[in-house]
Amino acid sequence: MSATPGFFEALAAQCKAKDSYLCVGLDPRTATAEEAHDVCCRLIDATKTHACCYKPNAAFFEAHGAAGWAALKGVIEKIHAVGSLCLLDCKRGDVGSTAQAYAKACYDDLKADAVTLSPYLGYDAIQPFVTGQYAGKGAFILCATSNPSADEMQSDALRDRVASLSSNGGAWGVKTAV
């Protein structure tokens, strides 16, 4: 067992310390990367006494290119500076070396504490984010989404299968247990 708590232990501690379960989504729809950074930092400052976690949506930063990536790094630094956790909403899901590269970017470069992942490609897409050097990191697996065309792919049976695989007692949960 590591001396440093994993993401879910750290999240539980945040929830207890702040007597809150608030996770603030950061989806800045702005014209520039600098505006995205500034909007998010103001929101972090306004909610830091109640928020246990922040969830910046990578797409709204990535849309601004290299400047957006830098702004996202700055927002994550701000999240950590106020003593909170970062759940990077990036919905990654690929196999092999590509998934490894995404994990490295999310955790080593951006310094996210957890990520959102798409399970469509199976455990190969999840494993690099939750094992080895990233075993203490958090992963939230998409099981059901609310977009209008979700039912084109997401049947109740598929949702149940993803939920079952992702649970602590499920096949993926067992494979990633620390």
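Position numbers for residues count from 1 along each chain, tracking the sequence in the order it is written. Restriction of local features to residues with pLDDT of at least 70 applies here, the model being predicted, together with a cutoff of 80 or more for giving and counting side-chain atom pairs; totals for whole chains, interfaces and linings are based on all residues. The side-chain quantities take in all heavy atoms of the structure and omit both hydrogens and water.

Here, a salt bridge means any Lys or Arg side-chain nitrogen found within 4 Å of an Asp or Glu carboxyl oxygen. Overall, the coordinates contain nine salt bridges when judged by the stated rule. Of the charged contacts in the structure, one is a salt bridge between Lys 48 and Asp 45, with a shortest N-O distance of 3.9 Å. In this structure, the salt-bridge partner of Asp 89 is Lys 55, at a minimum N-O distance of 3.2 Å. Placement of the pair is Asp 89 in strand β3 (residues 85–92) and Lys 55 in strand β2 (residues 51–56), with a sequence separation of 34 residues. Look at Asp 89 and you get buried, because its relative accessible area is 7%. Secondary structure elements follow DSSP: runs of H or I no shorter than four residues count as helices, runs of E no shorter than two count as strands, and numbering proceeds from the N terminus. Exposure is judged per residue with a 1.4 Å probe applied to protein chains only, and the accessible area is read against the type maximum: over 50% gives exposed, under 20% gives buried, and values in between give partly exposed.

What follows concerns the sheet that holds strand β1 (residues 22–26). What makes two strands pair is DSSP finding at least two bridges between them. Strand order in this open sheet of five strands is β1-β2-β3-β4-β5, and the pairing throughout is parallel. Strands with a single pairing partner mark the edges of an open sheet, and in this sheet they are β1 and β5 (138–141). When strand polarity is set aside, the average angle formed by the axes of neighbouring strands in this sheet is 25°. With three bridges connecting them, β3 and strand β4 (residues 114–117) associate as parallel partners. Bridged to Leu 88 within β4 is Val 115. Note on geometry: axes are lines fitted to C-alpha atoms, helical ones only across the stretch in contact, with angles between N-to-C directions running from 0 to 180 degrees.

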